[in-house]
Number of protein chains: 2
Amino acid sequence: MKALVNGIIYTSFNPVRKISGLVIANDRVIFAGDSEVARRIVELAGGEVVDLKGKFVMPAFFDSHLHLDELGMSLEMVNLRGVTSIEELVNRLKASNARIIFGFGWDQDELGRWPTREDLDTIDRPVFIYRKCFHVAVANSKMLELLNLKPSKDFDESTGLIKEKALEEARKVINEKVLSVDDYAHYILKAQDHLLNLRVHSVDFMSVNEKALRALFRLEREGKLRLNVFAYINPELLGKLESLGLGRFEGKRLVIAGVKLFTDGSLGARTALLSEPYSDDPSTSGQLVTEKEELVEVIERAKALGLDVAIHAIGDKALDVALDAFEETKFAGRIEHASVVRDDQLERIKDLGIRLSVQPHFIISDWWVVDRVGEERAKWVYRFKTLSRYAELGFSTDAPIEPADPWLTVDAAVNRGRDKVKLYELTKDESLSVSEALHFYTYGSASISLARDIGKLEPGFKAEYMVLDRNPLGSL
Amino acid sequence: MKALVNGIIYTSFNPVRKISGLVIANDRVIFAGDSEVARRIVELAGGEVVDLKGKFVMPAFFDSHLHLDELGMSLEMVNLRGVTSIEELVNRLKASNARIIFGFGWDQDELGRWPTREDLDTIDRPVFIYRKCFHVAVANSKMLELLNLKPSKDFDESTGLIKEKALEEARKVINEKVLSVDDYAHYILKAQDHLLNLRVHSVDFMSVNEKALRALFRLEREGKLRLNVFAYINPELLGKLESLGLGRFEGKRLVIAGVKLFTDGSLGARTALLSEPYSDDPSTSGQLVTEKEELVEVIERAKALGLDVAIHAIGDKALDVALDAFEETKFAGRIEHASVVRDDQLERIKDLGIRLSVQPHFIISDWWVVDRVGEERAKWVYRFKTLSRYAELGFSTDAPIEPADPWLTVDAAVNRGRDKVKLYELTKDESLSVSEALHFYTYGSASISLARDIGKLEPGFKAEYMVLDRNPLGSL
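Reading the values: rules and limits
Residues numbered from 1 in each chain as written. Chains lettered and ligands numbered in written order. Predicted model: local features only at pLDDT ≥ 70, side-chain atom pairs only at ≥ 80, totals over all residues. Heavy atoms only, no water. Helix = DSSP H or I, 4+ residues; strand = E, 2+ residues; numbered from the N terminus. Rg over C-alpha atoms; globule rule 2.2 N^0.38 Å. Areas by Shrake-Rupley, 256 points an atom, 1.4 Å probe, with all protein chains shown as cover. Lys, Arg positive; Asp, Glu negative; His and termini not counted. Charge placed at Lys NZ, Arg CZ, Asp CG, Glu CD. Domains from an automatic or database assignment. Contact = heavy atoms within 4.5 Å. Buried area = accessible area lost by both parts, 1.4 Å probe. Salt bridge = Lys/Arg side-chain N within 4 Å of Asp/Glu carboxyl O. Polar contact = N/O pair within 3.5 Å; in protein donor to acceptor, adjacent residues only side chain to side chain. Nonpolar A, V, L, I, M, F, W, Y, C, P; charged D, E, K, R; others polar. 1 Å grid on protein atoms, 1.4 Å probe; cavity = no way out; pocket = protein on both sides within 12 Å on 5 of 7 lines; lining within 4 Å. Points joined across faces, edges and corners; volume = space filled by probe spheres on them. Pairing = 2+ DSSP bridges. Axes fitted to C-alpha atoms, helices over the stretch in contact; angles between N-to-C directions. pLDDT = per-residue confidence, 0-100. UniProt positions renumbered as here; feature names shortened; annotations may be inferred. Buried < 20%, exposed > 50% of the residue type's maximum accessible area, 1.4 Å probe, protein only. Core = buried A, V, L, I, M, F, W, Y, C linked by side-chain atoms within 4.5 Å. Parallel < 35°, antiparallel > 145°, perpendicular 65-115°, else oblique.

Chain A goes by Amidohydrolase in an unreviewed UniProt entry, where it is assigned to Pyrococcus kukulkanii.

Below you can see the structure in the form of structure tokens.
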């Protein structure tokens, strides 16, 4: 048993509740109230009394959408963000001592042109580098040999450019052939250390493939998971779960939580599906990657196993399709991103009881978003304050897409890239208060993940907390 | 939070520790000590104070070997013992509200004649009734249609009479094809109610087949399991677990714990494998049902998934084979039953770190056992006191084979069928004290099931307890 005394302890942010003492036993809160009472309980029962000396305590963060495997990989990947020439890009990759070199973060505008297969063939090992959006990549000849991709419109063999469907295929080959379960376990532990340092104690791990799931099962039974991990699996794994009747299952740290589906791509690559063409490319409105019928079929199978369903929908038209599928199956599911939401969709989201996982830091990274959708539609973009009136909101980073540091996301939610991005002036009234942001990043994320015992520091909740020198509700 | 005050509370039986107050929060013990301290803790923290008024409390029982599905089935069976007419037999069966009606206990002499398929066809549901010996049964047309048995000398299609080999086949078809996952869930809940009433809160469910596992997964995720269930699966299911990398997994109530294997049969049927022939039938020594090589192969596969292995071994020769397999794989596994153990096997059991699940009530049911093995070998039979010096012991009932009532088993362990069975005089010194018996039935069972938080009422343990009017350590 442990008492935290003489502190300023936020047990929750909606409502904001402040106390001075906390008692923890068996990793759960058993008392939240007066400091002296907390001290006396532990003095009676026996245990440790920790004097916080006026420091602040709040629930640890819950990142409701990220990729532990890719985050771990990215921590080992060559960082190509901000690289401004092909030469520098190649030199950075050459400096890696990996057997297979992964890189990420390049942007053709910053580089001056698109990198090619030929550029990367000056490196003596397989190379695979993601654009910063992770929806486009370039591979060198050694890597293409391993990948053995079929020719398609999404794969340009001459330049080594791979996108969307072909990139999905390439990822699949990397996952199934190039990387081992040991590699996955290694990446997951790497990501775990990174997140725990940032005081993120719980995550929704999205798009879990077979090797990642095997690694998670192993780490859970070996007692090596210190994060609470809610696994949202790829639909390809459903068959194996069905063969055992295995559905939602809550372990000590690992929860088999749900299935993750996609309806569209990204705004960056103009593959997010909009109801009207892109403002900066009237030739396209993006693309639908999963038909409603297929979504419905998977939702029904997930329902039968008590699993949640989370559907990636960035464009407003993609959101229509996802909502149609949830309506048809009478399933109050989750939408991931909900980046562009029309006014007429708000009531529908509310009526269907949809939960939303949003990524405020997209505001900063997608500084070009007003160009993509135009000023008229800009008010529909990253409209978190409005969305919060119609749905439960959880915060997330989509790491490694955005940095996993929660305070950057809190800042983005509160200040919306003020003085940095064009979107700010057009959507000023979508700013959230710090307490709202912290609520969505703790109890909000837990709620949309159907975790009933995480995100507050009230009796019965898991004792996932952090100690801070400064007041989290003070100015950022 | 809840305090139990003013009680006589045994937190454990080895050592015997008695206190007067207990505090429970989040279903776990957080304080075990003085009654007044317990009261003050809960008065400070807020919660319920329960005055035990001098009553006794001890850890709930842990039955380390039983069959939830068959126990539930047996509880639903219509009792046909002592029925004296076909008419009464049919009426009793009609009164059941089961989807598929099972009955047992009839005797053709008492009935006046053998019951037939035609008699049972007046009932609108499938019917299957065992004779009192359980070696003969009769089924009606609806049931025979489901069973689809091949013609054989043991199956008379015209009368619906099924015996011996055909009955074994029918049982298999019933378990694997006739009964649905819903039926299994129903039986498991039925068994659960029965066990909770008997203050058995934790069980090792042995020989879990696919439908039982599906039912367990479903009941766990629906929050309907109130027993702690440790599932030991049939080896046929290993392949499906391997396809996901799923091994030991500890849920809220359900634990995927291990694999159950067999080396021999039973003493009753003279199929338990002895090193010397049966004393009452020198033509046989029993039979080995699984070769050592096969045991080794399954143990290795289980090890790779972090699963436990429990091997049924009743005869001393079968035990040799099981120990050989554990030695070869360097695996400190479990032996179920260990009914006949030679002196030279004791040290080996200790050296290999073997855990044992024993069923003291076999002493009562196997009243004929001295005839089977002779007076010379009788001292090797059900030698619990001796075994306890060489291995961790857990108690169990093998229900529905033996009655699930723990006090009958405690009595059998302490009094060994005194004045009832021939074995008593020959093995008097194998009697256990009540505190030893209660230790093996609580913490002992938990230990051999690798459950580190069940079986005591000390801080950190699950608060699985019972309240008693009389002193459990008093005379039986």
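Asks: What should I look at first to understand the overall build of chain A in this one?
Replies: Counting its secondary structure elements, chain A contains 19 helices and 23 strands. Relative to the 2.2 N^0.38 estimate, which gives 23 Å for 476 residues, the radius of gyration of chain A is 23 Å and therefore close to what a compact globule would have. Taken along the three principal axes of its C-alpha coordinates, chain A extends 75 × 50 × 50 Å. Counting every atom, chain A has about 17900 Å² of accessible surface; 47% of that belongs to carbon and sulfur. Looking at chain A, you have 64 positive and 75 negative side-chain charges, and the mean spots of the two groups are 4 Å apart.

Asks: Can you help me understand the domain arrangement of chain A in this one?
Replies: Often, the extent of an interface is quoted as the loss of accessible area on bringing the components together. All names here are of chain A. Segmenting chain A into domains produces domain 1 (2-60 + 463-468), domain 2 (78-177) and domain 3 (181-448). Computed over C-alpha atoms only, the centres of domain 2 and domain 3 are separated by 25 Å. Between domain 2 and domain 3, the contact holds ten residues from the first and 14 residues from the second. Together domain 2 and domain 3 conceal approximately 1100 Å² of surface at their shared face, both sides included; 47% is due to carbon and sulfur atoms. By the criterion of area lost to domain 3, the three top residues of domain 2 are His 135, Glu 164 and Asn 175, representing 38% of everything that side buries. At the boundary of domain 2 with domain 3, the tally comes to zero salt bridges. Inspection of the region where domain 2 meets domain 3 yields four residue pairs in polar contact (both at pLDDT 80 or more). Classifying every residue of the side of domain 2 that touches domain 3 by side-chain character gives two nonpolar, two polar and six charged.

Asks: Where do I start with empty space enclosed by the protein in this structure?
Replies: To find leftover empty space, one rolls a probe the size of a water molecule over the atoms. All names here are of chain B. Inspection of every chain in the model, using the stated rule, returns three cavities of 30 Å³ or more. Reported here for the largest cavity is a volume of approximately 40 Å³. Taken together, Met 73, Glu 76, Met 77, Ser 96, Ala 98, Ile 100, Ile 101, Phe 102 and Tyr 187 form the lining of the largest cavity. When residues of the lining of the largest cavity are traced back to their parent elements, those giving at least two are α2 (68-76) and β10 (101-106). The residue makeup of the lining of the largest cavity, split by class, is seven nonpolar, one polar and one charged.

Asks: What exactly am I supposed to notice about the sheet that holds strand β9 (residues 78-79) of chain A here?
Replies: The strands that make up a sheet are held in pairs by hydrogen bonds between backbone atoms, and each pair lies either parallel or antiparallel. All names here are of chain A. One open sheet accounts for six strands, arranged β9-β10-β11-β12-β14-β13; its pairing is mixed. Every interior strand has two partners, whereas the edge strands, β9 and β13 (155-156), have only one. Two strands pair when backbone bridges link them, and strand β12 (residues 136-139) and strand β14 (residues 161-163) are joined in this way by three bridges, in the antiparallel orientation. Directly across from Val 136, in β14, lies its bridge partner Lys 163. Against the sheet, helix α7 (residues 164-178) engages β10 (101-106), β11 (127-131), β12, β13 and β14, with an angle of about 95° to β14.

Asks: I would appreciate a short explanation of the confidence of the model for chain A in the present structure.
Replies: Interpretation of the predicted coordinates at a detailed level should be avoided for regions scoring low in pLDDT. A residue-level look at chain A finds 100% of positions with pLDDT of 70 or above and a mean pLDDT of 96. Two numbers describe this predicted complex: its pTM, 0.94, and its ipTM, 0.94.

Asks: Hey, could you run me through the interface of chain A and chain B in this one?
Replies: In this complex, chain A contributes 35 residues to the contact, which on the side of chain B involves 37 residues. Where chain A abuts chain B, roughly 2900 Å² becomes buried across the two surfaces, and 65% of that area is made up of carbon and sulfur atoms. Those elements giving two or more residues to the side of chain A that touches chain B turn out to be β5 (28-33), α1 (35-45), α9 (210-221), α10 (238-242) and β17 (249-250) of chain A. Grouping the amino acids of the side of chain A that touches chain B by side-chain chemistry returns 18 nonpolar, seven polar and ten charged.

Asks: Explain the UniProt feature "domain: Amidohydrolase" (unreviewed entry) in chain A to me, please; I cannot follow it from the model alone.
Replies: In the numbering adopted here, UniProt assigns the feature "domain: Amidohydrolase" (unreviewed entry) to residues 48-473 of chain A. Split by type, residues 48-473 of chain A is 39% helix and 20% strand. Its first and last C-alpha atoms lie 28 Å apart.

Asks: Got a minute to help me understand the environment of Cys133(B) in this structure?
Replies: Residue and element names in this part refer to chain B. Tracing the sequence through the fold places Cys 133 in the loop between β11 (127-131) and β12 (136-139). Judged by its relative accessible area of 28%, Cys 133 is partly exposed. Sequence separation between Cys 133 and Phe 104 is 29 residues, and the spatial gap between their C-alpha atoms is 8.8 Å.

Asks: Is there a simple way to explain the pattern of salt bridges in this structure?
Replies: A side chain of one charge can pair with a side chain of the opposite charge if their charged atoms are brought near each other. By the definition in use, this model includes 74 salt bridges over all chains. Put simply, Glu436(B) and Lys385(B) hold a salt bridge, and the shortest N to O gap is 2.8 Å. Residue Glu436(B) is located in helix α19 (residues 434-448), and its partner Lys385(B) is located in helix α16 (residues 384-388); the two are separated by 51 residues in the primary sequence. Under the relative-accessibility criterion, Lys385(B) is labelled partly exposed at 22%. Through salt bridges with shared partners, a single network forms among Asp316(A), Asp320(A), Arg342(A) and Asp344(A).

Asks: Looking at this structure, I do not really get the nonpolar core. What am I missing?
Replies: Note that soluble globular proteins tend to have their nonpolar side chains buried in a common cluster. Counting 261 residues, the largest nonpolar core has Phe128(A) and Phe128(B) as its most contacted members. In this structure, Phe128(B) is in contact with Ile101(B), Phe102(B), Gly103(B), Ala137(B), Val138(B), Ala139(B), Met143(B), Leu147(B), Ile162(B), Leu167(B), Ala170(B) and Ile174(B), ignoring residues within four places of it in sequence. Formed by 22 residues, the second largest nonpolar core is a distinct cluster that contains Ala3(A), Ile41(A), Val37(B) and Val42(B).

Asks: Can you walk me through the packing of α2(B) against helix α8 (residues 181-197) of chain B in this structure?
Replies: The description of two packed helices rests on the angle between their axes and on the distance between the axes. Residues and elements named next belong to chain B. Relative orientation of the contacting elements α2 and α8 amounts to 80°, with a least axis distance of 7 Å. Classified by the angle their axes make, α2 and α8 are roughly perpendicular. Residues Leu 68, Asp 69, Leu 71, Gly 72, Met 73, Leu 75 and Glu 76 of α2 form the contact with α8, whose own contacting residues are Tyr 184, His 186, Tyr 187, Ile 188, Lys 190, Ala 191, His 194 and Leu 195.

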